Amino acid sequence: MPDLRAIIARNRAGEAIAIPSVCTAHPDALEASLTLAETLDQPIVIEATSNQVNQDGGYTGLKPADFIRFVKEIAARSHVTHERILFGGDHLGPQAWRKLPADQAMEKAHRMVADYAAAGFTKLHLDCSEGCAGEPAQLPDAITATRSAALAATALKNAPDPGRLLFVIGTEVPPPGGARADDHGDIPPTTPDSAKATLAAHADAFTAAHIPLDLIGGLVVQPGVEFSPMEVHHLPLARDPGLRAALTDWPQTCLEAHSTDYQHAEAYPRLAELGFAFQKVGPALTFAWREALYALDTIRAQTGWATGPSLPDRMEAVMLADPTHWQAHVHGPDQRLQRHFGLADRIRYYWPAPQAQEAVRRLLTDLADKRLPDPLLSAHFRADEIASARASHYPLPRALALARVQTALRPYFFTGPRT
């Protein structure tokens, strides 16, 4: 079983080591991620978010135990060792119900955290930083910490093995839609003083709740990475915001980075050097899946093999029929462009729709029995993706899409095989 505490200890000792936390419920993105971890003999964390998976089913229709079973079934079909997989819960708090008064929203959050812990999730990000009805948008450290400690107590009561739980805390969590750049186009990192204040508030709250502080294994802070709808804010590699110093009195705790998608490959070991042993990725993986499918659709159109409307046109119809997942995030004159190619990848919510499933099935079927020589593929896929796909047991079109997802995830595995 991967040992997160051992990874934290090695990182705190100065080793540039980190583990990726993959946040997605897309079955093909999950399969690509799991098989890559297996191929590289690396541990991996698979995370579910509170609005995606909860006691009411979330937007996936999955409850916490369902999600673990879902991932394990994918792993079994893909011959991936279950023991290399850890399960994490992301943004566990009242967010999904924050339109309710705080007491009602927190009651639901407690039920959710109890279910996550009982199901076997062991890495729990407790996020009570956002206000509920009648409260400020961002809450003070003291309130956030008190609510997080209460959720931690609920998790401990419901976990089959409480000693395996590891809590991630933080109050400077990137808001929905991402952090905002300053007037100079930079994403300001969290200051060490702010990080210390957050830790102090949680120390007080966890101590008051009689919860050992060594269960706090991660602190979410902003290292200076983010992506907007059409632009990536890359990590300034030479900058050190000094956040490791905030952990001086917390030897069991590392830093956690959110929104690390789309960074240059050298950013991930640099983040590890800066103390970020937990690095989260999600939209970049489903973006890569969409990118590969659209490339295959272009090949289908160029060769005259299409048997109906293009995949982008079909997905546009699906998204326009139900704007729930993109309407609040897409603005301006280029809305179709953002719906299909935005880095937040709002289109990922629509792949489970029956019309979308049929469109993807039709695309892969149209290409399944066709000869796809390298000169045709190389305009759209990297040489290593083509080689990997040709070595796969899957039909070439689907194998190419899986390989593109692995291209997006591979830079997170920079530490080499386990020893």
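Residues numbered from 1 in each chain as written. Predicted model: local features only at pLDDT ≥ 70, side-chain atom pairs only at ≥ 80, totals over all residues. Heavy atoms only, no water.

Enquirer: Help me understand the pattern of salt bridges, please; the structure alone is not making it clear to me.
Expert: If the charged atoms of two oppositely charged side chains come close together, the side chains can form a pair. Taken as a whole, this structure holds 27 salt bridges when the rule is applied. The partner of Glu-38 in a salt bridge is Arg-84, and the shortest N-O contact between them spans 2.7 Å. With Glu-38 in helix H2 (residues 27–40) and Arg-84 in the loop between helix H3 (64–77) and strand S3 (85–92), this residue pair connects regions lying 46 residues apart in the sequence. Across the pair Glu-256 and Lys-280 runs a salt bridge whose closest N-O atoms are separated by 3.4 Å. In this pair, Glu-256 is assigned in strand S9 (residues 254–257) and Lys-280 in strand S10 (residues 276–281), connecting sequence segments 24 residues apart. (Salt bridge = Lys/Arg side-chain N within 4 Å of Asp/Glu carboxyl O. Helix = DSSP H or I, 4+ residues; strand = E, 2+ residues; numbered from the N terminus.)

Enquirer: Just checking my understanding: could you explain helix H11 (residues 354–368) for this structure?
Expert: The end-to-end C-alpha separation of H11 is 21 Å, in line with the 21 Å expected for 15 residues at 1.5 Å each. Of the surrounding secondary structure, the elements contacted by the buried residues of H11 are helix H8 (283–303), helix H9 (311–321) and helix H14 (396–409). (Expected span 1.5 Å × (residues − 1). Contact = heavy atoms within 4.5 Å.)

Enquirer: Is there a simple way to think about the side chain of Thr-24 in this case?
Expert: Residue placement: Thr-24 occurs in the loop between strand S1 (19–23) and H2. For Thr-24, a relative accessible area of 5% puts it in the buried group. Within polar-contact distance, the side chain of Thr-24 engages the backbone nitrogen of His-26 at 3.1 Å. For Thr-24, the residues in contact, after removing those within four places along its chain, are Ala-29, Leu-30, Glu-47, Gln-52, Phe-67 and Thr-286. (Buried < 20%, exposed > 50% of the residue type's maximum accessible area, 1.4 Å probe, protein only. Polar contact = N/O pair within 3.5 Å; in protein donor to acceptor, adjacent residues only side chain to side chain.)

Enquirer: Whenever I open this one, the packing of H2 against H3 confuses me. Can you help?
Expert: Two quantities define a packed helix pair, namely the angle between the helix axes and the distance between the axes. Two numbers describe how H2 lies on H3: the axes approach to 10 Å, and their chain directions differ by 55°. When the axis of H2 is compared with that of H3, the two are oblique. The handedness of the crossing between H2 and H3 is right-handed. Note on element contacts: H3 touches H2 through Phe-70, Val-71, Ile-74 and Ala-75, opposite Pro-27, Leu-30, Glu-31 and Leu-34. Across the contact of H2 with H3, the residue classes break down as seven nonpolar, no polar and one charged. (Axes fitted to C-alpha atoms, helices over the stretch in contact; angles between N-to-C directions. Parallel < 35°, antiparallel > 145°, perpendicular 65-115°, else oblique. Left-handed = near helix turned anticlockwise from the far one by under 90°. Nonpolar A, V, L, I, M, F, W, Y, C, P; charged D, E, K, R; others polar.)

Enquirer: Explanation requested: a nonpolar patch on the surface in the structure shown.
Expert: A cluster of nonpolar side chains, namely Met-230, Leu-337 and Phe-341, defines an oily patch on the protein surface of about 260 Å² accessible area. Among the structural elements, Met-230 can be located in the loop between strand S7 (226–227) and strand S8 (232–233). Using a relative accessible area of 41% as the deciding quantity, one classes Met-230 as partly exposed. (Patch = residues over 30% accessible without salt bridge, like charges linked within 9 Å, V, L, I, M, F, W, Y side chains within 5 Å. Areas by Shrake-Rupley, 256 points an atom, 1.4 Å probe, with all protein chains shown as cover.)

Enquirer: Hey, could you run me through the packing of aromatic side chains in this one?
Expert: To describe a pair of aromatic rings, you give the distance between the ring centres and the angle between the ring planes. Scanning the entire structure with this criterion turns up ten aromatic pairs. Considering the side-chain rings of Phe-227 and Tyr-262, the 5.2 Å spacing of their centres and the 85° angle between planes classify their relative orientation as edge-to-face. Within this pair, whereas Phe-227 is found in strand S7, its partner Tyr-262 is found in the loop between S9 and helix H7 (267–273), the two being separated by 35 residues in sequence. Each member of the pair, Phe-227 as well as Tyr-262, is classed as buried. Look at Tyr-262 and Phe-287: their rings are 5.4 Å apart centre to centre, the planes differ by 85°, and that puts the pair in the edge-to-face class. Pair noted here: Tyr-262 is in the loop between S9 and H7 and Phe-287 is in helix H8, with a separation of 25 residues, a long-range link. When sorted by exposure, Tyr-262 lands in the same class as Phe-287, which is buried. Here a set of aromatic residues connected by ring pairs shows up, and it is made of Phe-67, Phe-70, Phe-87, Tyr-116 and Phe-121. The ring of Tyr-294 is capped by Arg-290, whose NZ or CZ atom sits 5.0 Å from the centre of that ring. (Phe/Tyr/Trp six-rings, centres within 6.5 Å; stacked < 30°, edge-to-face > 60°. Lys NZ or Arg CZ within 6 Å of the ring centre and 35° of its normal.)

Enquirer: In this structure, what is going on with the state of the cysteines? I would like to understand it.
Expert: Disulfide: a covalent bond formed between the sulfur atoms of two cysteine residues. In this structure the tally under the stated criterion is zero disulfides. Note on Cys-128: no disulfide assigned, nearest cysteine sulfur contributed by Cys-132 at a separation of 8.3 Å. For Cys-254, which is in no disulfide, the shortest distance to another cysteine sulfur is to Cys-23 and amounts to 14 Å. (Disulfide = S-S within 2.5 Å.)

Enquirer: Looking at this structure, I do not really get the nonpolar core. What am I missing?
Expert: Soluble globular proteins tend to pack their nonpolar side chains together in the buried interior. Of all hydrophobic cores here, the largest spans 117 residues; its most connected members are Ile-46, Phe-67 and Leu-293. With eleven residues, the top contributor of residues to this core is H8. Among all residues touching Phe-67, those that are not within four sequence positions of it are Thr-24, Ala-25, Ile-46, Glu-47, Ala-48, Val-53, Leu-62, Phe-87 and Phe-121. Of all hydrophobic cores here, the second largest spans 13 residues; its members include Leu-4, Ile-8, Ile-19 and Val-220. (Core = buried A, V, L, I, M, F, W, Y, C linked by side-chain atoms within 4.5 Å.)

Enquirer: Please explain the pairing of strand S2 (residues 44–49) as it appears in this structure.
Expert: Sheet faces and side chains relate simply in a regular strand, where the side chains alternate between the two faces. In terms of burial, S2 is largely enclosed, as six of its six residues are buried. Residues Ile-44, Ile-46 and Ala-48 point to one face of S2 and Val-45, Glu-47 and Thr-49 to the other, with burial holding for every one of them. Where S1 lies against S2, three bridges are found, and the strand directions are parallel. Residue pairing across strands places Val-22 opposite Ile-46, the latter belonging to S2. Where the polypeptide runs from S1 across H2 and back to S2, its parallel neighbour, the crossover connection is right-handed. (Pairing = 2+ DSSP bridges. Right-handed = clockwise from strand over helix to strand, strands pointing away.)

Enquirer: For this particular structure, what's the right way to read the sheet that holds S9?
Expert: Sheets are built from strands paired through backbone hydrogen bonds, the pairs being either parallel or antiparallel. The strand order around the closed barrel formed by eight strands is S1-S2-S3-S4-S5-S6-S9-S10, and the pairing between neighbours is parallel. The average undirected angle you get between the axes of adjacent strands in this sheet is 25°. Running at roughly 140° to strand S6 (residues 216–220), helix H6 (residues 192–208) makes contact with strand S4 (123–126), strand S5 (166–169) and S6 of the sheet.

Enquirer: Please clarify how the environment of Val-330 should be interpreted in this entry.
Expert: Residue position: Val-330 is located in the loop between H9 and helix H10 (335–341). Of the residues examined, Val-330 reaches a relative accessible area of 4% and is grouped as buried. Separated by 14 residues in sequence, Val-330 and Ala-344 have C-alpha atoms that sit 10.0 Å apart.

This is a description of form; function is not addressed.
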